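# Structural characterization, general
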Amino acid sequence: MEKRLKRPTLCVQAGWEPKNGDPRVLPIVQSTTFKYDNTEEMADLFDLKKEGYFYTRLQNPTNDAVARKIAALEGGVGAVLTSSGQAANFYAVFNICEAGDHIVTSNEIYGGTYNLFGVTLKKLGIACTFVSQEASEEEISAAFRPNTKALFGETISNPGCKVLDIEKFARIAHSHGVPLIVDNTFPTPINCRPFEWGADIVTHSTTKYMDGHATQVGGCVVDSGNFDWDAHADKFPGLCTPDESYHGLTYTKAFGKMGYTTKLVAQLMRDLGSIPAPQNSFLLNLGLETLHLRVPRHCENAQRVAEFLQQDERVAWVHYSGLPGDECYELAQKYLPDGSCGVIAFGLKGTRETAIQFMDSLKLIAIVTHVADARTCVLHPASHTHRQLSDEQLREAGVAPDLIRLSVGIEDVDDILDDIQQALDKIGNK
């Protein structure tokens, strides 16, 4: 039996296994197309009878090597890289949904995903019902319909920092014969592997911790291979009935546990694109090689910062699941025993203007529309990423109007604390 490598080793070496004389480092195959000696060889590739490369929109050696690494880290059977985290969430859902279908999702999700599911998918004829992830199993189950095709949640919500009860959501999804899709961006597979708790499909914005240096935008969809699509064939005709665009091929029968991943590439990537450039995948791979080193430092620094904020009288509230007494502390002890992530949500006493004054007073910490990279950064979602939502919609999405999202980096924690201290001193007790 082949030894199962540990995650730090997978971060460094999975995905690319150079043969004799090959480059030691994953090469950038920056080519749109690939040459063959005869028409039959290429025809077999287009008919999915053989594996190989012919056009980068469908497959590319650099992209595929990085996808294999992420699949190995998550414990999945296959993965597909996309051009962004938003594309990953869209593809994960659209691969099993079509006009007339319905999904259920936690309302504690990133604002862009909230809009994708609640507005854009509706234009494609796919309805969505938002539920509170703290609700009982019975209440969440009541949101399901005969045409529901998936349940969705985020391991740690962005920006509210709530922890998902993955096992509860998996039970609910499976009782209705649908997969659980979990966005695992914030903890990464270093701190949580949702497949081990019953999730079926995992998505990532690889732009965040996986890249870690804010150098490229990307996403990934990972399939566990565990969901039995054929057992619910009536719900998933796209996977379980013949695809006429491939001469009547049925994905689950032709590719088994790789059916979902193969369909995503052969059908969605073929028709919609949204691929990463090989150069971007190369940069992502460099980030992945140090992921196991950076994530613990992010968590260590964030714990110190969260404790500091909790003790300051000018801070109204702090959400960080590493704090004893936090509403998600027990869930974090179960699902994230080694740490959650570097992102903290907190609010200041005062008004929305107080939050803005605090942020504008920061010097080391930058205001950016980004989160989860090596540098500490801050954002006020109500003014930035979620500004399209009313205060009522913000609260429904688990985002308080005064919420400040602080992404703690890997700098010296004392320098981070000093910057927060001086910015708090500027607002005093207002």
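This text goes with the structure placed above it.
This one's a predicted model, so the numbers in the text were calculated from it and none came from an experiment. One numbering rule holds for all chains: residues counted from 1, following each sequence as written. In view of the model being predicted, local features appear only for residues whose pLDDT reaches at least 70, and side-chain atom pairs are presented and counted only at 80 or more, with totals across whole chains, interfaces and linings using the full set of residues. The side-chain values count all of the structure's non-hydrogen atoms but skip hydrogen atoms and water molecules.

### A closer look at unusual backbone geometry
Quick reminder of the rule: Helix numbers and strand numbers start at the N terminus; a helix is a DSSP run of H or I with at least 4 residues, a strand a run of E with at least 2.
Put simply, Asn 158 and Pro 159 share a cis peptide bond, and its omega is 10°. Assignment of secondary structure puts Pro 159 in the loop between strand 4 (148–154) and helix 7 (166–175). Phi is positive for Cys 161, close to 65°, though the residue is something other than glycine. Mapped onto the elements, Cys 161 comes out in the loop between strand 4 and helix 7. A positive phi angle is found at His 247, which is not glycine, with a value near 55°.

### Digging into the environment of Thr 250
Applied cut-off: Relative accessibility thresholds used throughout: buried, under 20% of the residue-type maximum; exposed, over 50%; partly exposed, between the two (1.4 Å probe, protein chains only). By the convention used here, residues are in contact when the closest approach between their heavy atoms is within 4.5 Å.
In this structure, Thr 250 sits in the loop between helix 9 (237–240) and helix 10 (251–255). Take Thr 250: its relative accessible area is 11%, and that puts it in the buried class. Considered as a pair, Thr 250 and Lys 263 are 13 residues apart in the sequence and their alpha carbons are 9.5 Å apart. Excluding residues within four positions of it along the chain, Thr 250 makes contact with Leu 239, Cys 240, Thr 241 and Pro 242.

### Observations regarding the pattern of salt bridges
Opposite charge on two side chains allows them to pair when their charged atoms are near. What counts is decided by this rule: The rule for a salt bridge is simple: a side-chain nitrogen of Lys or Arg has to be within 4 Å of a carboxyl oxygen of Asp or Glu.
Inspection of every chain in the model, using the stated rule, returns 13 salt bridges. For the salt bridge of Glu 137 with Arg 171, the shortest nitrogen-to-oxygen distance reads 2.6 Å. Remark: Arg 171 occurs in helix 7 and Glu 137 occurs in helix 6 (residues 137–141); sequence separation between them is 34 residues. Accessibility expressed as a relative area gives 45% for Arg 171, which makes it partly exposed. A salt bridge links Glu 196 to Arg 193; its shortest N-O distance comes to 3.0 Å.

### Considering the nonpolar core
Applicable threshold: Buried Ala, Val, Leu, Ile, Met, Phe, Trp, Tyr and Cys residues that are joined via side-chain atoms within 4.5 Å together make up what is termed a nonpolar core.
Core analysis: the biggest nonpolar cluster contains 122 residues, and Val 305, Ile 344, Phe 346 and Phe 358 have the highest contact counts within it. Aside from chain neighbours lying at most four places away, what touches Phe 358 is Phe 346, Leu 348, Ile 404, Ile 420, Ala 423, Leu 424 and Ile 427.

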